[in-house]
Each structure stands twice: as C-alpha cells, then as structure tokens.
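# Descriptive analysis of the structure
Chain by chain, the residues:
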Amino acid sequence: MNSAIRSSYLTLTRDRSVPIPETPKLQPFPRFFDSTNRNNRFRDVSSGSSLLRTRLRHDSAEFRTALSHRVGVSSKNAQFDSFPDENEAQAPSFAEFITSERVKVVAMLALALALCNADRVVMSVAIVPLSLSNGWSRSFAGIVQSSFLWGYLISPIAGGTLVDYYGGKVVMAWGVALWSLATFLTPWAAETSLWALLAMRALLGIAEGVALPCMNNMVARWFPQTERARAVGIAMAGFQLGSSVGLMLSPILMSQGGIFGPFVIFGLSGFLWVLVWLSATSSTPDRNPQISKYELEYILNERKKSLVENKPKTTKVIPPFRRLLSKLPTWSLIIANAMHSWGFFIFLSWMPIYFNSVYHVDLRQAAWFSAVPWTVMAIMGYIGGLWSDIMIRNGMSVTLTRKIMQSIGFLGPGIALVGLTTAKSPAVASAWLTLAVGLKSFSHSGFLVNLQEIAPQYSGVLHGISNTGGTLAAILGTVGAGFFVELVGSFQGFLLFTSLLYVLAALFYNVFSTGERVNFDEPRLMSIT
C-alpha cells in the first residue's frame, strides 16, 4: 500500500498544477554540535547530511538555494562551511608552540651553538695574556686568532653536503664531539708548541664549520615556513649568548684556574651535550617517538604546502655546484654571509682589545663591555624572527619580508659603527656597539632563513658555500684589522670602512635576492629564478 501511495504522489508531482507539499523546515546545523567528541561530531554531520538528502529529493531550485547557504561543495567532496576542516592544521597557540617537541629540538640546537661560540671566543680573551707572555705583536695576534678560520674555511661545503645526505642529527653530534675535543686539548697544545696551538684551533674551526648547516637542516625539517624565522631566532640566540657567556666567564675562570681554565670547562660541557642530543632528539619529526599526533600532523601538513623534503638523500651525494653558483640569488646569499661574518668576527675578535687599547680598561671590564651587545643580540634576534613570521602570516610576500629584515640587519650596524667611532667614553662606545650588534641580528631573519627557501633540498650545501665566502671575509677582516691598525694607527678608520661595506652589501642583497624557490635543475646563467 505504501508503494502505491508513493507512486501516486510521484505521478501527481509531475503535474505542475498540483501543489507540492510543503517541505519540512530544515533543522539548523548547530544541533550537530551536541557531541563533545570531535570525530563523533563529524560523523553526526555526515549522517545529518544524508537525512537531508533523503528528505530533499525534489529538483527544486528553491531547495538547492537553501542547501547551498549551508553546504559548500568541492570537486572532491562535500565540505561544511560552518565547520573547520579536520585535515587543515590550525596555527598553534604560544603555549603549544613553546612546549612542543620542535622547540625542544631548536633549544638543543641553541645550546650547541652557545657552546660553539663560547669555545671560539675564549681565545679572544686569552689572546691578551698569551700575547704578553709570548711577546706577540698585534698583527701576529690576529694571525693566531684567525687560525680558527683556517679550519672553518675547509669544512662548511663538505659538512653541508654531509648534512643534506645524512641529516643534521648525526653530523651535529660528530661536530660537537670534535670541537669539544679540540677545545679540551688546547691547553696541552699551547704548552707544546705554537704549531700545535694553531693546529688545534684549526681543528676547532673544521668541526664548527658544520654547526650552522646542521641548524638550517634541522629547522627546515622540523618547522613550517611561518615559524622558521622564530626558530632561527631561538637557535641564533643561543649562538649570541655563547659569545656573552664565553666573554664574561673566561676572565673569571682564568682568575680561578689559570689561562686555560675555560678551555677545559667548555670542552667537557660539549661532551655532555652530545650524550643528551643523541638520546633525546631525532633528525625528522616522524621519527620522534615522543611527538604528539597533533604536532606531527601540523608539521607534515604545513610541509606539504611549502614542499620541504622530509628525509635525508640517498642519491646524488655530489650537489650541482655549477648550477648553484649560476644564480644571482645564490650570490646575494654569499655576499650577505660574507659581510655578516666580516662584521661578526671583527666585533668578536677585536672588541676586547679595542676597549683595552682605546679606552684603557682592564681585561675583565673589556670583556664585560664586549659581552653586553651579544646578550642584546640574542633578544633582538628572536624579536626580529617573530616580527618576520607575523608579516608573512599576515600576507606580506616572503621576498619583501626577507629584504626588510636584511636591510635592518646591515644598514643599522653601518650607521651605528659611525657613532662608535665618535664615542668619547667606554660606556657610550658600548651603547653604540650594542646598537650595532643588536640590529645586526635582524639579518638572521633575512639571508639566514632565505637559505632554506630558495633551495630546501640543497640548504646544507648552499649554507656551506655561503659560509665559505663568509669565512674568507672573516679571515681577511680579522687579519686585516691587525695590519690596518699597525699601519694607520687607528681602529676608527677600519670601523668606518666596515660601515661602508655594510651599506654596499645591503644594496646587493636587495637587488638580487628572492624569497621564492629557485630552479636549480636546469642551468640558466646568472638568472634570478
């Protein structure tokens, strides 16, 4: 009987003169939110939509319009505009971000970079008593300090290639172990011969050459693009705090344990770090047993958008160097890294001596005056990274964001160095130096993050190439500063020259850099994309 009634009704509805029965009023979708379980909620929505389709069988434009106000249909599946897509990762809150596994990884990287820089700056303090006891001239002291850079010149490209191939975890562990050994053995080398001391400092440089490529590799694999500047800011904050810790603690440790006290303490600390790193971290998020499902899905979904590769390479160990060097964006990174390293090592190696010789402060005070700017740089680096991520999240192009950050990071120190040359007291000089070093940290959200963006599959080796250019500039600047001061008799002239170089490097970067991925698969001589 029911079948007969349905047949009669369908026959009648074909005749437009017969009124169509009024459709029952649609229930509002909020009734599907009664379920507290998110998965059940979406099952309720699915079942509810099936009931609606059953009840709305009529081919009425009126019904289609009513339904379209509530349901958005895509080519793949139906999606309800009123509900968040379960597959779309939501941006984490600050509390979720700061307690996540990826922040634990970058915190370990920050600690490694702190040890990296502390180990290298110890010699900046120790060089003063070593020069007095051995009768070294100002220019020869510059050569001793640059011995670290001899080794640092060798390893970045090879280390970056190994990082791209094996991943950052393993290479970073080997690097920290080797540079900690070199630091620990420095007292023995100094007591043995000058050549042994130079060799041990060169070994320190070889091992530390892999640190920044490893950091870049780990950040690219653990952080989405909208968080990378912050991640680099955290890691580089450790790098700058390492300078502060090294410069401030070295005079204290020397007064308690002799000239070589800090070398022993920092060396042993590195061995302890390696043990924690190997046991508590993984090279990629999907290999981490402690990561939450939410965080893993968020990282993987964001990686799909930016097309960042997840796993270490298993083929093509030798990267396409000619193609990498055929693009102007690569050279913008090389020039930026070169200028960054020039200024960094001038500040790091010569500022204690600068305050000691120009303002006649003792070694401990000189170390403190030199250490304060690095602490500010650590804080400013994170602020710059956060600001950079916010600009990108709000719709500003990656290219423009990187150029703004790099301009602040180079033009700021260029102007501040001019002020430093006019300072009449150590306090005013320290204020200008703090401004220069603090603004310099914004370049971490410029070229340093940019390395991951133009070639994520070659970020390690690209960092190695740019680091080699930076190391050559650092050697030239560190040694050249000593000879310049001996010939001209003025630190101020060299600082003004450095200021000019900052301005020229900022110009080059702004003209030729890009925040987009560059095609390195096909050679195009000196093209931008």
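Thresholds applied
- Residue numbers restart at each chain and count upward from 1, following the sequence in its written direction.
- With the structure being a predicted model, the display of local features is reserved for residues of pLDDT at least 70 and the display and counting of side-chain atom pairs for 80 or more, all residues being used for whole-chain, interface and lining totals.
- Note that water and hydrogens are dropped before the side-chain values are worked out from all heavy atoms of the structure.
- UniProt positions are given in the numbering used here, feature names are shortened, and annotations may be inferred rather than shown by experiment.
- Put simply, DSSP H or I for four residues or longer makes a helix, DSSP E for two residues or longer makes a strand, and each gets a number counted from the N terminus.
- Think of it in three bands: with a 1.4 Å probe and only protein chains considered, a residue is buried below 20% of the maximum accessible area for its type, exposed above 50%, and partly exposed in between.
- Residue contacts follow a heavy-atom distance rule, with two residues in contact if any of their heavy atoms lie within 4.5 Å.
- Only the protein chains shown count as cover for residues, and all accessible areas are computed by the Shrake-Rupley method using a 1.4 Å probe.
- Exposure above 30% relative accessible area and the lack of any salt bridge qualify a residue for a patch; like charges then connect within 9 Å, and the nonpolar side chains Val, Leu, Ile, Met, Phe, Trp and Tyr within 5 Å.
- What makes a salt bridge here is a side-chain nitrogen of Lys or Arg within 4 Å of a carboxyl oxygen of Asp or Glu, nothing more.
- What a helix is expected to span follows from its residue count: subtract one and scale by 1.5 Å.
- A residue's bend is given by the angle between axes fitted to the 7 residues ending at it and the 7 residues starting at it.
- Axis definition: a line fitted to C-alpha atoms, limited for helices to the stretch in contact. Angles are taken between N-to-C directions and run from 0 to 180 degrees.
- Note on angle classes: values under 35 degrees are labelled roughly parallel, values over 145 roughly antiparallel, values of 65 to 115 roughly perpendicular, and the remainder oblique.
- Should the near helix be turned counterclockwise from the far one by less than a right angle, the crossing is left-handed, whereas a clockwise turn marks it as right-handed.
- Side-chain atoms within 4.5 Å link the members of a nonpolar core, which is a set of buried Ala, Val, Leu, Ile, Met, Phe, Trp, Tyr and Cys residues.
- Annotation comment: domain bounds sourced from an automatic or database domain assignment.

In the annotation of an unreviewed UniProt entry, the entry for the protein chain reads Major facilitator superfamily (MFS) profile domain-containing protein, and the organism field reads Prunus persica. Checking UniProt for the protein chain, the heading Subcellular location (unreviewed entry) contains the comment "Plastid, Chloroplast membrane".

## So, the overall build of the protein chain
A count of helical and extended segments in the protein chain gives 20 helices and two strands. Within the protein chain, the proportion of its 529 residues that are buried is 54%. Of the contacts formed within the protein chain by residues at least 6 apart in sequence, a portion of 83% connects residues at least 24 apart. Surface accessibility of the protein chain: about 23600 Å² in total, with carbon and sulfur atoms responsible for 64%.

## Points about a nonpolar patch on the surface
On the surface, a nonpolar cluster with roughly 630 Å² of combined accessible area is contributed by Val170, Trp174, Leu178, Leu181, Phe184, Leu268 and Phe271. Elements supplying a minimum of two residues to the nonpolar patch: α7 (168–192) and α11 (261–280). Counting residues per element, the nonpolar patch draws most heavily on α7, which supplies five residues. With respect to the helices and strands, the residue phenylalanine 271 is situated in helix α11.

## Notes on α7
For α7, with 25 residues, the first-to-last C-alpha span of 35 Å sits near the 36 Å given by 1.5 Å per residue. Threonine 186 marks where α7 bends most, by close to 45°; the proline proline 187 follows one to four residues later.

## Things to note about the packing of helix α5 (residues 101–134) against α11
Between α5 and α11, the least distance of the axes is 10 Å, while the angle of their chain directions is 165°. The angle between α5 and α11 places the two elements in the roughly antiparallel class. The interaxial crossing formed by α5 with α11 has left-handed handedness. Here Val105, Met108, Leu109, Leu111, Ala112, Leu115, Ala118, Asp119, Val122, Met123 and Ala126 of α5 lie close against α11, whose contacting residues are Pro262, Phe263, Phe266, Ser269, Gly270, Trp273, Val276 and Trp277.

## Some remarks on the side chain of serine 441
Counting through the fold element by element, serine 441 comes out in the loop between α17 (426–440) and α18 (447–454). Residue classification places serine 441 among the buried positions, given a relative accessible area of 0%. Other than its neighbours up to four places away in sequence, serine 441 contacts Met377, Met380 and Gly381.

## Observations regarding the nonpolar core
Val106, Met215, Trp273 and Phe347 are the most contacted members of the largest nonpolar core, which has 120 residues in total. A total of 17 residues in this core trace back to one element, the largest contributor, which is α5. Here this core gathers at least three residues from each of two domains, domain 1 (98–311) and domain 2 (327–518). Filtering out sequence-adjacent residues up to four positions away, phenylalanine 347 remains in contact with Pro352, Trp374, Leu417, Leu433, Ala436, Val437, Lys440 and Tyr502.

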